[in-house]
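Per-entry structural report
Residue strings, one per chain:
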There are 2 protein chains.
Amino acid sequence: MIIEIDRNSIITITQQLFEFFSDRILSGLFKDGQQLPSIRTLSKELNISPMTIVKAYNELEKNGLAVTIQGKGTYVNQRNNIEKLNSFPEHNDFQWQMGIPDYLSRSQFQSNSNLTYGNNMYNLSIASINYKLLPTADILKDSLNLTERNIEYLAQYPPVQGDHEFRNVLSNYLKSKEISTAPENILITSGSQQGISLIASTFVGPGDIVVMETPTYPGAIDLFKSRGAVILTVPVDNEGMRTDILISLCDKHSPKIIYTMPNFHNPTGCSMSLRRKIELLDIAKFNNSIIVEDDPWSEISYKKEKIKSIKSMDTDGHVVYIKGLSKILGPAYRLAAIVAEGSILSRLINAKANHDLGTSMLNQKTLLDFIKSNKMNSYLDNLNKKLLRRRDKVINLLKHNAPSGVNWTIPEGGINLWITLPKSLNVEKLLYHSVTTKNISFLPGTICYPNEVEFNHLRICFTYLDEEHIENIIIELCNLMKLLNSDEKGSCYVPVI
Amino acid sequence: MIIEIDRNSIITITQQLFEFFSDRILSGLFKDGQQLPSIRTLSKELNISPMTIVKAYNELEKNGLAVTIQGKGTYVNQRNNIEKLNSFPEHNDFQWQMGIPDYLSRSQFQSNSNLTYGNNMYNLSIASINYKLLPTADILKDSLNLTERNIEYLAQYPPVQGDHEFRNVLSNYLKSKEISTAPENILITSGSQQGISLIASTFVGPGDIVVMETPTYPGAIDLFKSRGAVILTVPVDNEGMRTDILISLCDKHSPKIIYTMPNFHNPTGCSMSLRRKIELLDIAKFNNSIIVEDDPWSEISYKKEKIKSIKSMDTDGHVVYIKGLSKILGPAYRLAAIVAEGSILSRLINAKANHDLGTSMLNQKTLLDFIKSNKMNSYLDNLNKKLLRRRDKVINLLKHNAPSGVNWTIPEGGINLWITLPKSLNVEKLLYHSVTTKNISFLPGTICYPNEVEFNHLRICFTYLDEEHIENIIIELCNLMKLLNSDEKGSCYVPVI
């Protein structure tokens, strides 16, 4: 455990301490029941006033993440109870290892995977499309053409930047989305997550300013935080990122990176208006910032108008565009493409070499026939019709079953709904009961906030469950909301350690 | 460009500056002809004496990496000339991007790939086995069993830790190597490179001490340096890492990580004796250090005795063992396995989630049948016989054609020879001429030294070239050595910018 306090930061020391602990507790890096350092020790070690630490610990308690026992100390509490049910056994026989400090600050997906891979879990948490709706069999059946030439390729190190034939196919595919790019400007990565990881490790270091939407994609928060970035947040409304707020932020702090998911934003599902996209590009130009445009699902759209990406308007190499393929073609191939220019691109290629020497050739050669065929478009058309039906079904179920005070977004694309609970109902509590009593998991909104965590949101994916379970599961979840909410009003929630 | 000088480091400021620039020049991150910062600017910016900078620049010149033109400045020079021939075109139309600093310190593979993917290059550089000798067609032909159950797996996010069935197969495979481990202690990574990357980003930060063999695997140097590690080096002899020197290093500095490739060490081919392996484990225990045992090729062995890994003797979770599969089964699948225990393992799994959410399921499902079948052993037996013949052929060619003063190792396993030139012959010069006049590339030893670079070694791989080219290419290379060496004796080598 290495706590680094930045005394020159624009973020208060109390807030830095709170985030340090809440990130690790919500991620499951700190385990339930684990004792936090004593106020005296921490105050001495970091040379900060005991009062500051007390404030940070109080904030943890207020949010149900820790509990203090008078005369004994402060202990990690709450959701991580769930982990005990599913996680692999802790090895307590390697005590010396606990003395080895690390540089992890958050990892939502590990904590998440404890929820995900539990036995018989009804999973509303994972943002993916049900396997029966994906074209897996079609892609794999006659994808690999085992000619002598292909065998030669498949027996070699992949080019670091990606297979040339695959980049060629993607460059044509992107043209249909008005992104005019050459194969030379494409870098293949192992999924969007690795794309963001390359950007973070290349361009972000301690104290660098990264702007993110709030709430936002947890995997991106994990990466920027682990690099020691100062994260400034901009809220989203139904036109996407609030550029007016961004402009006033930029008066004081020039961001190095602006991370955005403009189309069917994760987790809220809202989209950025064209006006704001143009404004954002102007802001980036003025501040010499890099825009990271993360676009995993513009293909999954329920509206008629064509979507214009920020990248398609970028003439000066300000936008690093990430086209993830996991959401639309399936996540098992781990494939995404970065589109970038100039020395930003060449530096990312260097980083890719350092990270893993290049993405598996087998996956690239497997997917390319499907993408370049006319199967791709008809598959997507068909898919969108089915997913729209699912969206409407789930919204209808919420309408009839959710207790009053619960609200949700109606996304025009993507596969997630963002649900807001009454402030009195803590989502971590809902999750704990939902997993332990109903075998239903969802994504708690708490992990989607880079800084000031809100405890009354959740994200559910409406496309992952088997069709026949949807109705039951949504109703069960709504009933649990009702139960806990009325319970909440009557009695005080006392966390147990 | 962010130069960070550590005034408390055990490494002198001159040496830190020299390494900062030489790493970037040898990697190709700095381009040929690029002007280095003026002495005045740098002295002011870093608040260090101009004399220190002059010394560092002189050291660069001495090693042929830069050239100073009186009254104008110091410029990057030498091998990167080669890049011009093969690299993608530089985009000079995005000048604003040059103002964006990055955190890359080295990337040998990108610089290398410029040599590797040139047209018609005879490649002695890449450490891989010729595609005709690999079991690619066998593996792919009937590997993917497209049952409904497999299709379901292949349409989902892979488990972060790796497919359970694949980990099961690997745990059995490792038992045959006396490494007794459960699937729960295995983490699947995208090649050994990602394995090292996960370890570096989790456990190494600025100022942490990492011990490496010198020379060593360049990809590992890239990663530890980019994390700001203080790298201490220990030479190797024909019993492997000099543990006596390591012990005296540890008297003063306790290493957090000891990175070693004990079997058929890259690049020298030498192996660590059992006595030293036991000693190394004791040293790690005493110092609470993590040993990273990188084992990509213990299967490629030309001697009868069984090889005992350090991991097989590890009872306390001190060794993080990396079993790379790229060298023996082909690099296109990007698959390796980490074996570790306790919280070191669980922290690496978190890091894996952050890096890319998990390794492609397709690759794991593709390889597992071959590994668990009895084809694996007979393939390896057969392979080793063929590779031994190649090794002997190349050694014989060197014996008859290399000029006097040139020496080489005779490895008892692996696929590389380490060649030492007379001190008068700079290997970067040899590489430049070899690539430009003969279309022959090899790995310059310069990139294998973490600290004090030696300029008179090269690594050649004897298993990658097509059989019919070997004789010619080795003779051509030997002739070039002769030519340049005699030239060197007669005239002073003047670098041209």
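Calculation criteria
Residues numbered from 1 in each chain as written. Chains lettered and ligands numbered in written order. Predicted model: local features only at pLDDT ≥ 70, side-chain atom pairs only at ≥ 80, totals over all residues. Heavy atoms only, no water. Least-squares fit on C-alpha atoms with pLDDT ≥ 70 in both. Contact = heavy atoms within 4.5 Å. Buried < 20%, exposed > 50% of the residue type's maximum accessible area, 1.4 Å probe, protein only. Helix = DSSP H or I, 4+ residues; strand = E, 2+ residues; numbered from the N terminus. Pairing = 2+ DSSP bridges. Polar contact = N/O pair within 3.5 Å; in protein donor to acceptor, adjacent residues only side chain to side chain. Axes fitted to C-alpha atoms, helices over the stretch in contact; angles between N-to-C directions. Parallel < 35°, antiparallel > 145°, perpendicular 65-115°, else oblique. Nonpolar A, V, L, I, M, F, W, Y, C, P; charged D, E, K, R; others polar. Disulfide = S-S within 2.5 Å. Expected span 1.5 Å × (residues − 1). Arc of directions from axis to C-beta. Salt bridge = Lys/Arg side-chain N within 4 Å of Asp/Glu carboxyl O.

Turning our eyes to something else, we now look at the relation of the copies chain B and chain A. Superposition record for chain B on chain A: RMSD 0.0 Å, screw rotation 180 degrees, translation along axis 0.0 Å. A rotation of that kind, with that shift, is consistent with a two-fold axis. A shared binding surface is used by both copies, with 99% of the interface residues of chain B retained as interface residues in chain A.

What follows deals with the pairing of strand 4 (residues 186–189) of chain A. Residue and element names in this part refer to chain A. Of the two faces of strand 4, the one carrying I186 and I188 and the one carrying L187 and T189 are both buried. As judged from the 4 bridges shared by strand 4 and strand 11 (residues 336–339), these two strands associate in the antiparallel manner. Residue pairing for strand 11: L187 is matched across the bridge by I338.

Residues and elements named next belong to chain A. Looking at where K311 falls in the secondary structure, it is placed in the loop between strand 9 (290–294) and strand 10 (319–324). K311 gets classed as buried once you look at its relative accessible area, which sits at 4%. Expressed as a C-alpha distance, the spacing of K311 and I473, which sit 162 residues apart in the sequence, is 39 Å. Every residue in contact with K311, bar those within four places of it in the chain, is listed here: I179, E293, V319, Y321, V339, A340 and E341. Side-chain polar atoms of K311 contact the side chain of D314, separated by 3.0 Å.

The next thing to look at is the packing of helix 9 (residues 191–203) of chain B against helix 14 (residues 342–356) of chain B. Residues and elements named next belong to chain B. Here helix 9 crosses helix 14 at 105 degrees, and the two axes come no closer than 9 Å. Considered as vectors, helix 9 and helix 14 are oriented roughly perpendicular to each other. Two secondary-structure elements touch here, helix 9 through Q194, S197, L198, I199, S201, T202 and F203 and helix 14 through I344, R347, L348, A351, K352, H355 and D356. Broken down by class, the residue content of the contact of helix 9 with helix 14 amounts to 6 nonpolar, 5 polar and 3 charged.

Quick look at the side chain of A:Q156 now. The topology assignment puts A:Q156 in the loop between helix 7 (148–154) and helix 8 (164–175). Engagement of the side chain of A:Q156 in a polar contact is seen with the side chain of B:Y464, the distance being 2.5 Å. For A:Q156, the contacting residues outside a window of four places in its chain are B:P331, B:A332 and B:Y464.

On to the sheet that holds strand 16 (residues 457–461) of chain B, then. Residue and element names in this part refer to chain B. Strand order across the open sheet formed by 4 strands is 12-13-16-15, with antiparallel pairing between neighbours. Here the strands that pair on one side only, and so sit at the sheet edges, are strand 12 (407–408) and strand 15 (443–444). As judged from the 2 bridges shared by strand 12 and strand 13 (residues 416–420), these two strands associate in the antiparallel manner. Looking at strand 13, one finds that W408 is bridged to I419.

Residues and elements named next belong to chain A. Using the criterion set out here, one finds 0 disulfides over all chains in the structure. Residue C250 stays outside any disulfide, its sulfur separated by 19 Å from that of C270, the closest cysteine. On the basis of relative accessibility, which here comes to 13%, the residue C250 falls in the buried class. Here C478 stays unpaired: no disulfide links it, and the sulfur of C461, its closest cysteine neighbor, is 16 Å away. The exposure class assigned to C478 is buried, which follows from its relative accessible area of 1%.

Turning next to helix 3 (residues 50–62) of chain B. Side chains three or four residues apart in an α-helix point the same way, a direct result of the helix having 3.6 residues per turn. Residues and elements named next belong to chain B. With 13 residues, helix 3 ought to run about 18 Å at 1.5 Å a step, and its terminal C-alpha atoms sit 18 Å apart, in line with that. Taken together, the buried positions of helix 3 are T52, I53, A56, Y57 and L60. All buried residues of helix 3 fall inside an arc of 130 degrees around its axis, so they share one side. Away from its buried face, by an angle of more than 90 degrees, helix 3 presents the exposed residues M51 and K62.

It is worth spelling out the pattern of salt bridges at this point. Residues and elements named next belong to chain A. This model, assessed by the stated rule, comprises 53 salt bridges over all chains. Ionic pairing is found between E299 and K323, a salt bridge with its closest N-O pair at 2.7 Å. Highlighted residues: E299 in the loop between strand 9 and strand 10 and K323 in strand 10, separated in sequence by 24 residues. E299 gets classed as buried once you look at its relative accessible area, which sits at 8%. Under the relative-accessibility criterion, K323 is labelled buried at 1%. Ionic pairing is found between E476 and K438, a salt bridge with its closest N-O pair at 3.2 Å. Of this pair, E476 sits in helix 18 (residues 470–490) while K438 sits in helix 17 (residues 427–438), and the two are 38 residues apart along the sequence. Judged by relative accessible area, which is 29%, E476 ranks as partly exposed. Several salt bridges converge on common partners, so that one network encompasses E19, D23, R106, D222 and K225.

Sheet strands pair by backbone hydrogen bonding; their relative direction is either parallel or antiparallel. Residues and elements named next belong to chain A. Within the open sheet, the 8 strands sit side by side as 4-11-10-9-8-5-6-7. Their pairing is mixed. With one partner strand each, in any of the chains shown, strand 4 and strand 7 (240–241) form the two edges of the open sheet. Where strand 6 (residues 230–237) lies against strand 7, 2 bridges are found, and the strand directions are antiparallel. Opposite V236, over in strand 7, you have M241 as the bridge partner. Of the strands in this sheet, strand 4, strand 10 and strand 11 are in contact with helix 8, which crosses strand 4 at around 110 degrees.

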